[in-house]
Amino acid sequence: MNYNTVIFDLDGTLLDTLDDLADSLDHTLKEVGAPALTRAQVRRYVGNGMARLIELALPGGRDDPRYDRTL
């Protein structure tokens, strides 16, 4: 069998990008005046897409008035 495409799941599989994700999220949260998260919190929140990450990161979730701006 010949393949012309190979897909790698780099994040969390071949590369540990948690620190980069946590730094980016903290920067974003700071920009909207939301509290920072711990690395452990970010670890629990990643893996279900950006919208879910922001929902979990903001105190009011999707109902937080900063949700759209943050996303």
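Computed from a predicted model, the values in this text were never measured in an experiment.

### Side note on the nonpolar core
- Core analysis: the biggest nonpolar cluster contains 14 residues, and Leu25, Leu29, Leu37, Val42 and Leu58 have the highest contact counts within it.
- Looking at this core, the elements that each hand over two or more residues are helix H1 (18–31), helix H2 (39–45) and helix H3 (50–57).
- Of the residues forming this core, the biggest block, four residues, is contributed by H1.
- In this structure Leu37 touches Leu25, Asp26, Leu29, Val42, Tyr45 and Ala57, once residues within four positions along its chain are discounted.

### Some points on H1
- Compared with an ideal rise of 1.5 Å per residue, which puts 14 residues at 20 Å, H1 spans 20 Å between its outermost C-alpha atoms and is within 8% of the ideal.
- Of all the positions in H1, only Leu18, Ala22, Leu25 and Leu29 are classed as buried. Buried residues of H1, seen end-on, are gathered within an arc of 70 degrees and therefore sit on one face of the element. For H1, the exposed residues set more than 90 degrees away from the buried face come down to Asp23 and Lys30.
- In this fold, the buried residues of H1 make contact with H2, H3 and helix H4 (67–70).
- Backbone geometry just downstream of H1 places Gly33 in the positive-phi region, at approximately 80 degrees.

Cut-offs and rules
Residues numbered from 1 in each chain as written. Predicted model: local features only at pLDDT ≥ 70, side-chain atom pairs only at ≥ 80, totals over all residues. Heavy atoms only, no water. Core = buried A, V, L, I, M, F, W, Y, C linked by side-chain atoms within 4.5 Å. Buried < 20%, exposed > 50% of the residue type's maximum accessible area, 1.4 Å probe, protein only. Helix = DSSP H or I, 4+ residues; strand = E, 2+ residues; numbered from the N terminus. Contact = heavy atoms within 4.5 Å. Expected span 1.5 Å × (residues − 1). Arc of directions from axis to C-beta.

Purely geometric stuff here, so don't read any function into it on its own.
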